[in-house]
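Descriptive analysis of the structure
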Amino acid sequence: MSTKRLYIKTFGCQMNVHDSERIGGLLRDEGYRLTEKPDEADMIIVNTCNIREKSEQKAYSDLGRFAMLKRDKPDLILGMAGCVAQKDGEKVLKRYKGLDLVFGSSNIENVPQMLQTITLNAQPVVMVLEPPGPPKTTPADRKDRVRAWVSIMEGCDRHCAFCVVPMTRGRERSRLSAEIVQEVSHLAEAGYKEITLLGQTVNSYGKSLEEGVDFADLLRMLNAVDGIERIRFMSPHPSDMNPKLIETMAELPKICEFLHLPLQSGSDAVLKRMGRGYTLNEYRPIVERLRRLVPDMAFSTDIIIGFPGETEDDFKKTLDAVAEFEYDNVYYFHYSQRPNTPAAQWEDQIPDEVKDARFARLSALEKALAREKNRRLIDTVQEVLVEGRSKRDRAKLTGRTRSNKLVHFEGDDREIGCLINVRITFASSTYLEGMRIEG
Ligand code: 5AD
């Protein structure tokens, strides 16, 4: 089979990044190898995201650009994957005449079959169905050799008023636990040291299965896989952070001391309208219990700024909550009206200028907190899993602490993929520097 070139452009979350790795893995079996250059590709796939309006617009503009390449190269296969594809389906074909392939994230496993259909019929194919049963295991073409994403579930059964995901990734479907354990064992054999389990609400894993295995049970199974040193997961929903899971996290040595726990707002009134299913008083004990049981536990969160009806007082409560929980990192977004979501139709939308001003205030608080949290690590010794050479300074290696902080230090290529103890000597709000400890 002759080698053909595949270019994938990925937008959005880690789930999408990993979906692209899976598309690459399946197409590798069909004779395609990844390229970084769209103009030398035989096939281009734009893996789209529509969580916020901007990412959707960018995906469409890229698609337009790639469609132009077809003028000089009529055999180029052009595909659109991901959440915009799922939402717009047939509509995209009308908008872009050159498209050959449109498929949703639940149909990645059908990519080889779709490719065959295009080749045989010379007709575009659209597949945005939700197949029944647990998602199938697919190969993945992973770039990283040390850390691996592992998708354990798809979809979301929650109905947050702002969120488009239930419309684009369908109902919650968990993979069979034995298949996940097998995939992780293979990753360990291939030399991977760290895995990050992925799901839209990763800790509700197992609810759609008859196996009787929940997320804490799955963590225990994976903790037993030899060779894997670190386990992370994202994103959990606060309502599924039950006591069993918290105790399991504290007990199992491979679970990293880090949790991304989306809060979205610090105001109970806003949380209620968002339909998040928890109050601040229900969120707080999760953080408190984990801090009590796990020394040096680090937290990050997501905040939406300017959700419809958010008052100055609501927003102050968010700032207070961010300060109270001393997050190591906060990811914050302007609220974006998404089609067919309840909150998009509400009348009390917040003007952009108000969102911008609140954004700047949260940003200042976030930076100050992150810098202070990082400074506290100066002079401590941190275990760093080395990922590779630093992009900013080739003399240095780069890796992460168990608490997910980026560390740069001088070292040798042979240390890539190893766990190295590093004494922290410098801290900014976004990274640390240090020196390896001999021995
Ligand atoms: N507008 C802004 N941010 C959103 N998110 C989800 N939907 C929206 C929206 N409509 C954010 C949430 C979520 C993160 C992945 O994206 O904070 O946790």
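Residues numbered from 1 in each chain as written. Predicted model: local features only at pLDDT ≥ 70, side-chain atom pairs only at ≥ 80, totals over all residues. Heavy atoms only, no water.

1. A short note on the overall build of the protein chain
Per the secondary structure count, the protein chain includes 13 helices and 19 strands. For 439 residues, the compact-globule estimate of 2.2 N^0.38 gives 22 Å, and the C-alpha radius of gyration of the protein chain, at 22 Å, lies within 12% of that figure. Oriented by its inertia axes, the alpha-carbon framework of the protein chain measures out at about 60 × 60 × 45 Å. Taken over 439 residues, the protein chain has a buried fraction of 55%. Residue pairs in contact within the protein chain that sit at least 24 positions apart in sequence constitute 73% of those at least 6 positions apart. Of the accessible surface of the protein chain, which amounts to about 19,900 Å², a share of 50% is contributed by carbon and sulfur atoms. (Helix = DSSP H or I, 4+ residues; strand = E, 2+ residues; numbered from the N terminus. Rg over C-alpha atoms; globule rule 2.2 N^0.38 Å. Buried < 20%, exposed > 50% of the residue type's maximum accessible area, 1.4 Å probe, protein only. Contact = heavy atoms within 4.5 Å. Areas by Shrake-Rupley, 256 points an atom, 1.4 Å probe, with all protein chains shown as cover.)

2. Structural notes on the sheet that holds strand β13 (residues 298-305)
If you walk across this open sheet you meet the 3 strands as β12-β13-β14, and the pairing is parallel. On the outer flanks of this sheet lie β12 (258-260) and β14 (329-334), each paired with one strand and no other. With direction set aside, neighbouring strand axes in the sheet form an average angle of 10°. When β12 meets β13, the two strands line up parallel, connected through 3 bridges. Note on β13: the bridge partner recorded for His260 is Ser300. (Pairing = 2+ DSSP bridges. Axes fitted to C-alpha atoms, helices over the stretch in contact; angles between N-to-C directions.)

3. What about the pairing of strand β1 (residues 4-10)?
Where β1 and strand β2 (residues 32-34) come together, 3 bridges link them in parallel fashion. Bridging across to β2, Lys4 finds its partner in Tyr32. Pairing between β1 and strand β3 (residues 43-48): 5 bridges, direction parallel. When the bridges of β3 are listed, Lys9 appears paired with Val46.

4. Considerations on unusual backbone geometry
A negative phi angle characterises most non-glycine residues, just as the trans form characterises most peptide bonds. Of the consecutive residues Met234 and Ser235, the connecting peptide bond is found in the cis state with omega at -10°. Its place among the elements puts Ser235 in the loop between β11 (230-234) and α9 (243-251). In this structure, Asp379 is a non-glycine residue whose phi angle is positive, near 80°. Its place among the elements puts Asp379 in the loop between α13 (352-375) and β15 (381-389).

5. A look at the nonpolar core
In this structure, Ile152, Leu197 and Leu290 are the most contacted members of the largest nonpolar core, which totals 68 residues. Dropping the residues within four chain positions of it, Leu197 is found in contact with Val150, Ile152, Val202, Phe215, Leu219, Leu222, Ile231, Arg232, Phe233 and Met234. Listed in part, the 21 residues of the second largest apolar core include Tyr7, Cys49, Ala85 and Val102. (Core = buried A, V, L, I, M, F, W, Y, C linked by side-chain atoms within 4.5 Å.)

6. What to know about the domain arrangement of the protein chain
The domain architecture assigned to the protein chain consists of domain 1 (4-127), domain 2 (147-375) and domain 3 (381-437). Computed over C-alpha atoms, the centres of domain 2 and domain 3 are 26 Å apart. With 19 residues of domain 2 in contact, the opposing surface of domain 3 contributes 18 residues. Contact with domain 3 buries area across many residues of domain 2, yet Arg147, Arg230 and Asn374 alone supply 42% of it, more than any other trio. (Domains from an automatic or database assignment. Buried area = accessible area lost by both parts, 1.4 Å probe.)

7. Quick look at the pattern of salt bridges
Under the defined criterion, the tally for this structure stands at 41 salt bridges. Here Glu415 and Arg436 are joined by a salt bridge, their closest N and O atoms 2.3 Å apart. With Glu415 in the loop between β17 (406-410) and β18 (419-427) and Arg436 in strand β19 (residues 432-436), the pair connects residues that are 21 residues apart, well separated along the chain. Three or more residues are tied together by salt bridges with common partners; here these are Asp19, Arg22, Glu154, Arg169 and Arg173. (Salt bridge = Lys/Arg side-chain N within 4 Å of Asp/Glu carboxyl O.)

8. Re helix α5 (residues 111-121)
Taken together, the buried positions of α5 are Val111, Pro112, Met114, Leu115 and Ile118. Within α5, the buried residues cover an arc of 160° as seen down the axis, which keeps them to one side. Exposed and oriented more than 90 degrees from the buried face of α5 are Gln116 and Leu120. Packing partners of the buried residues in α5 comprise α1 (14-28), β2, β3, β4 (77-81), β5 (101-103) and β6 (125-127). The first or second residue beyond α5 is Ala122, which carries a positive phi of 50°. (Arc of directions from axis to C-beta.)

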